[in-house]
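Notes for the structure review
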Amino acid sequence: MKKQIFLTVFVVFALIISLSLSGYAGKTTLRVMWWGSQTRHERTQQVIKLFEEKYPDIDVKPEFTSWDGYWDKIDVQIAGGNMADIVQHVRKYVTEYVNNDVLLDLTPYVESGELNVKDVPKVLRETERIKGVLAGIPLGVNAAGFIYDSELLAKAGIKEIDPNWTWEDYFKICKTVKEKLGIFASDTLAAMETAVGFMVFLRQHGLELYNEDGTGLGYDDDNLYVEFVGMDMKGIEDGLFLPPSIRQEVTKKVESSGVCTQKAALNSNHWSNQLAALSNSAGKQLAITTYPKGKDQVQEGLFIKPSQMWAVNKKTDKVDAVLKFLNFWFNDIEAAKILGTERGIPVSTAVKEALKPTLSGNDKVVFEYLDLAAEHSSPLGPPQPAPHKEIVAIFSEVLYKALYKVETLEEAAAEFRAKATELLENQ
């Protein structure tokens, strides 16, 4: 009798262990990597929790950091052969990664319907196609803009900014803020460290930063560089913009912006999808408007683009789990409500329509801004060439040489041209 009881207990115990082990072995761990603000981290992890509740057999391991250092981290992972399964990527850098053959081509999964993005307009999906490879699916749509504290501007006697304002109007507003409030008007002239402001300025002259095939710069006259950076330098000298020593620190993190700490009334360094993070850090609802226009501009300099994309490691052995995650991300309405517009306006038309009646606060402001930006934009140019990341780093490095007056504006323009051209010709 005792022997029979012992055998029964043993069999039951073995069965429990077997079921436990089989359940553990069947659980897939999916690594997902992104950059962003604290707001983005929190919202993304809420969506991951929702996904894991729906798919208990998948355990998502989040890996996140700020923009500063993100690309070094991802490059180290690639070198070590252990890049995350899904990585947040961006159009301006993706060509380099397609050239290095590290991203999975999503074309066959879209064509078969395994990756359900039928509600994402093809024109948006195709923005992420590089040299025939569908390198990712855009997470949202956004536009650069000038984010500002309307309460501070009101104290200075300035009404809401007219979207038809010019660079001259911008400086008038900056001088009024300085005179009336005794604070800086803006962190920088216009997204200086990332060269986005310069791109907008060139586009206003009917030009692009790069030529059509990405083998050289798209402008021949260095006086354009001298004029643009010269405006930034003049703003610093007049006490309108942050001095370079302070700027180098505050531009590294969204939360450090002067508009978040009441040290400045405007911010020109960020995109529409970052309004939530800036407003949260400022503790108030901030406003956003378009870039200043050129007085005699040839075309609108502003452009609407995909904010970021989810790209997939070509070496992943968890494609089924990856597809489940992406399908959930792009189609689940509850997930979309959590995410809001933090990564831009949703790309799925079905999701966007479902969100519209629920909008408030930052999300409502961003939706309205994208409609405004569309009226003041020109078509998006071709994808940036592979060395773009290095060229932006050079632009920032040379910019500070000019701002610290180590070089003249003309010398800085020539140095940027020489170094950028060398990279473009030897890619």
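Residues numbered from 1 in each chain as written. Predicted model: local features only at pLDDT ≥ 70, side-chain atom pairs only at ≥ 80, totals over all residues. Heavy atoms only, no water.

On to the overall build of the protein chain. The helix and strand tally for the protein chain stands at 18 helices and 13 strands. What you see for the protein chain is a C-alpha radius of gyration of 24 Å, in line with the 22 Å of a compact globule of 427 residues. With the principal axes as the frame, the protein chain shows a C-alpha extent of 95 × 50 × 40 Å. Taken across its 427 residues, the protein chain has 55% of its residues classed as buried. Across the protein chain, every contact between residues at least 6 apart in sequence was considered, and the portion connecting residues at least 24 apart equals 76%. Accessible area for the protein chain stands at about 18900 Å²; split by element, carbon and sulfur atoms hold 54% of it. Positive and negative charge centroids in the protein chain, built from 47 and 59 side chains respectively, lie 6 Å apart. (Helix = DSSP H or I, 4+ residues; strand = E, 2+ residues; numbered from the N terminus. Rg over C-alpha atoms; globule rule 2.2 N^0.38 Å. Buried < 20%, exposed > 50% of the residue type's maximum accessible area, 1.4 Å probe, protein only. Contact = heavy atoms within 4.5 Å. Areas by Shrake-Rupley, 256 points an atom, 1.4 Å probe, with all protein chains shown as cover. Lys, Arg positive; Asp, Glu negative; His and termini not counted. Charge placed at Lys NZ, Arg CZ, Asp CG, Glu CD.)

Right, let's talk about the sheet that holds strand β11 (residues 287-289) for a bit. Reading across from one edge, β9-β10-β8-β11 is the order of the 4 strands in this open sheet, with mixed pairing throughout. For this open sheet the edge positions go to β9 (184-186) and β11, each flanked by a neighbour on one side alone. Pairs of neighbouring strands in the sheet enclose a mean axial angle of 20°, with direction left out of account. Of the pairings in the sheet, the one linking strand β8 (residues 146-148) to β11 comprises 3 bridges and is antiparallel in character. What sits directly across from I147, in β11, is I288. Relative to β9, helix α8 (residues 167-181) is tilted by about 150°, and along the sheet it contacts β8, β9 and β10 (264-267). (Pairing = 2+ DSSP bridges. Axes fitted to C-alpha atoms, helices over the stretch in contact; angles between N-to-C directions.)

Taken together, 5 strands build an open sheet; the order of strands is β2-β1-β3-β13-β6 and the sheet is mixed. Because the sheet does not close on itself, it has two edges, and the strands there are β2 (58-65) and β6 (137-138). Both β6 and strand β13 (residues 309-312) contribute to a ladder of 2 bridges, which runs antiparallel. When the bridges of β13 are listed, I137 appears paired with W310. Running over the sheet, helix α2 (residues 38-54) touches β1 (28-35), β2 and β3 (86-89) and is turned about 175° from β2. Sheet strands in contact with helix α3 (residues 70-79) are β1, β2 and β3, and its direction is about 145° off that of β1.

Before going further, it helps to examine helix α10 (residues 223-237). With 15 residues, α10 should cover 21 Å at 1.5 Å per step; its first-to-last C-alpha distance of 20 Å lies within 8% of that length. For α10, the set of buried residues is L224, Y225, V226, F228, V229, M231, D232, M233, G235 and I236. On its buried side, α10 packs onto α8, α9 (196-204), α11 (244-250), α17 (388-403) and α18 (409-425). (Expected span 1.5 Å × (residues − 1).)

Mapped onto the secondary structure, T39 falls in helix α2. Once residues lying within four places of it in the same chain are set aside, the contact partners of T39 are A277, N280 and E342.

Okay, the packing of aromatic side chains next. In the structure shown here, the tally under the stated rule is 35 aromatic pairs. Centre to centre, the rings of F146 and Y170 are 5.0 Å apart; their planes meet at 90°, and the pair counts as edge-to-face. With F146 in strand β8 and Y170 in helix α8, the pair connects residues that are 24 residues apart, well separated along the chain. The two residues F146 and Y170 agree in class, both being buried. Judged by centre distance (6.2 Å) and plane angle (55°), the ring pair of W167 and Y170 falls under tilted. Residue W167 and its partner Y170 are located together in helix α8, separated by 3 residues, close to a single helical turn. For the pair W167 and Y170, one class covers both residues: buried. Sitting over the face of the ring of F184, K178 holds its NZ or CZ atom 5.2 Å from the ring centroid. (Phe/Tyr/Trp six-rings, centres within 6.5 Å; stacked < 30°, edge-to-face > 60°. Lys NZ or Arg CZ within 6 Å of the ring centre and 35° of its normal.)

A word on unusual backbone geometry. Excluding glycine, most residues fall at negative phi; most peptide bonds, likewise, are trans. Here A191, not a glycine, exhibits a phi torsion of approximately 40°, which is positive. Structurally, A191 is set in the loop between β9 and α9. When its relative accessible area of 4% is taken as the criterion, A191 is described as buried. Backbone geometry at K405 places phi at a positive 65°, although glycine is not the residue there. Position of K405 relative to the elements: it lies in the loop between α17 and α18. Residue classification places K405 among the exposed residues on the basis of a relative accessible area of 57%.

Inspection of every chain in the model, using the stated rule, returns 24 salt bridges. Across the pair R40 and E342 runs a salt bridge, and its minimum N-O distance is 2.7 Å. In this pair, R40 is assigned in helix α2 and E342 in the loop between α14 (333-339) and α15 (349-355), connecting sequence segments 302 residues apart. Taken individually, R40 and E342 each receive the classification buried, so the pair is uniform in this respect. Salt-bridge contacts for K284 lead to E151; the nearest nitrogen and oxygen are separated by 3.0 Å. You can see K284 sitting in the loop between α12 (275-282) and β11 and its partner E151 sitting in helix α7 (residues 150-155), a full 133 residues away along the chain. (Salt bridge = Lys/Arg side-chain N within 4 Å of Asp/Glu carboxyl O.)

Once that is clear, we can look at the nonpolar core. Counting 116 residues, the largest nonpolar core has L189, Y225, F228, Y291, W310, F325 and F416 as its most contacted members. With sequence-adjacent residues up to four places away left out, F325 is seen in contact with L30, V32, I48, F51, V60, I86 and W310. Membership of the second largest hydrophobic core comes to 19 residues, among which are M33, Y70, V94 and V98. (Core = buried A, V, L, I, M, F, W, Y, C linked by side-chain atoms within 4.5 Å.)

These figures come from the coordinates and say nothing about function on their own.
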